[in-house]
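Here is what each chain is made of, one letter per residue.
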Amino acid sequence: MRLAAALLTLASIMSASKGTSAQERPRVQPTRDVTVTYRVEGAAAQAIPGGTDGPLRVSWDAAGQRLRAAPERRPQAVIVDLPRHTAALIDDAMHAVLALPVRPADLNPLATDGARFTRRGLATVAGLACVTWAVEAKRGAGTVCLTADGVALRGEGAVNGRQGSFIATSVAYGPVAADLFSPPPGYFAMNFPSLGRLR
């Protein structure tokens, strides 16, 4: 469950709602399909069992507002569906999918905490231009570098007292396969408190 919490935290930050309370309002949701490979450090990496020395791949479905976050060389992935306010952990090793108990606030921390953004400057990350913003919210503070079309390329700071960071190492725009956001046929559905097989 520590892995699920780690991936869900990263996913929620990268797919935060568009609304903010600052005068300047950066776009924080990608406007088109994109797959980003990140290097994560600090609390985000340590929360994954055994740590992670490998990259994290995040895929975003712009039309459906769905996100998939999966550490490479691991059999697990977290899928977030923003319109439905749902999240699930898929485990390919166990052939199972676990519905994660989440609230809308868990998936949109920047918006629900009334985050404030302050523009800091320009940068280039993974070959793309982005604007660095200082972010202040009830649960933490830090910086994030966002492209004009809403892709988070770099971020660092503390959330609930835990320090961490991520940086994009590659960005690929283009259609993302729909089956990435659904468990494969025949996987067992594990819910709290009941278990059953997906139909």
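Residues numbered from 1 in each chain as written. Predicted model: local features only at pLDDT ≥ 70, side-chain atom pairs only at ≥ 80, totals over all residues. Heavy atoms only, no water.

Undergrad: Which parts of the structure should I look at to understand the overall build of the protein chain?
TA: Scanning the protein chain from terminus to terminus reveals four helices and 13 strands. Looking at the protein chain as a whole, 47% of its 199 residues qualify as buried. The contacts of the protein chain with a sequence gap of at least 6 include a subset with a gap of at least 24, amounting to 50%. By element, 53% of the accessible surface of the protein chain is carried by carbon and sulfur atoms, the whole surface being about 10,200 Å². (Helix = DSSP H or I, 4+ residues; strand = E, 2+ residues; numbered from the N terminus. Buried < 20%, exposed > 50% of the residue type's maximum accessible area, 1.4 Å probe, protein only. Contact = heavy atoms within 4.5 Å. Areas by Shrake-Rupley, 256 points an atom, 1.4 Å probe, with all protein chains shown as cover.)

Undergrad: Mind showing me how you'd approach unusual backbone geometry here?
TA: Across residues other than glycine, the phi torsion is negative in most instances, and most of the peptide bonds are trans. Of note in the backbone geometry, H95 takes a positive phi value of approximately 55 degrees without being a glycine. Within the secondary structure, H95 is located in the loop between β5 (86-91) and β6 (96-100). Taking relative accessible area as the criterion, H95 reaches 45% and is therefore assigned partly exposed. Of note in the backbone geometry, A126 takes a positive phi value of approximately 55 degrees without being a glycine. Among the secondary structure elements, A126 is positioned in the loop between β7 (116-125) and β8 (128-137).

Undergrad: Which parts of the structure should I look at to understand the pattern of salt bridges?
TA: Pairing is possible between side chains that carry opposite charge, provided their charged atoms lie close to one another. Under the definition given, this model contains five salt bridges. For D149, the salt bridge identified is with R32, shortest N-O distance 3.2 Å. On the criterion of sequence distance, the pair formed by D149 in the loop between β9 (140-146) and β10 (152-159) and R32 in the loop between α1 (2-14) and β1 (34-42) is long-range, its members being 117 residues apart. With a shortest N-O distance of 3.5 Å, E41 and R39 are connected by a salt bridge. You can call E41 partly exposed: its relative accessible area is 41%. Overall, the relative accessible area of 42% leaves R39 in the partly exposed class. (Salt bridge = Lys/Arg side-chain N within 4 Å of Asp/Glu carboxyl O.)

Undergrad: Sorry, what's going on with the pairing of strand β3 (residues 66-71) here?
TA: Walk down a regular strand and you will see the side chains alternate between the two sheet faces. Of all six residues making up β3, five are buried, and the element is well covered by its neighbours. Connecting strand β2 (residues 56-61) to the antiparallel partner β3 that follows it, the hairpin turn spans four residues, and Q65 within it adopts a positive phi of roughly 50 degrees. In the sheet, β3 pairs with strand β4 (residues 76-81) via four bridges, with the strands oriented antiparallel. Residue pairing in the sheet places L67 in a bridge with V80 of β4. Between β3 and the antiparallel strand that follows it, β4, lie four residues; R73 among them carries a positive phi value of about 70 degrees. (Pairing = 2+ DSSP bridges.)

Undergrad: Before we go on, may I ask you to explain the environment of G161 in this structure?
TA: Tracing the sequence through the fold places G161 in the loop between β10 and β11 (162-173). The exposed category is assigned to G161, whose relative accessible area is 71%. Along the primary structure G161 and R139 are separated by 22 residues, whereas in three dimensions their C-alpha atoms are 8.0 Å apart.

Undergrad: What is the right way to read the pairing of β5 from this model?
TA: With respect to burial, β5 is a largely interior element, five of its six residues being buried. In this structure, β4 lies alongside β5, joined through six bridges in antiparallel fashion. Bridging from a neighbouring strand, I79 pairs with A88 of β5. Looking at chain direction, β5 and β6 are connected through five bridges and run antiparallel. Each residue of the ladder has a partner; that of A87, found in β6, is L100.

Undergrad: Explanation requested: the nonpolar core in the structure shown.
TA: Nonpolar side chains tend to gather and get buried jointly when the protein is soluble and globular. In this structure, Y38, L100, F117 and V144 are the most contacted members of the largest nonpolar core, which totals 35 residues. Beyond its immediate stretch of four places on either side in the chain, V144 contacts F117, V131, T132, W133, V135, A152, R154 and G155. One finds A88, I90, F181 and Y187 within the second-largest nonpolar core, a separate group that totals eight residues. (Core = buried A, V, L, I, M, F, W, Y, C linked by side-chain atoms within 4.5 Å.)

Undergrad: I keep staring at the environment of P183 and nothing clicks. Help me out?
TA: Tracing the backbone through its elements, the reader meets P183 in the loop between β11 and β12 (188-190). Between the C-alpha atom of P183 and that of D92, which follows or precedes it by 91 residues, the distance is 9.0 Å.

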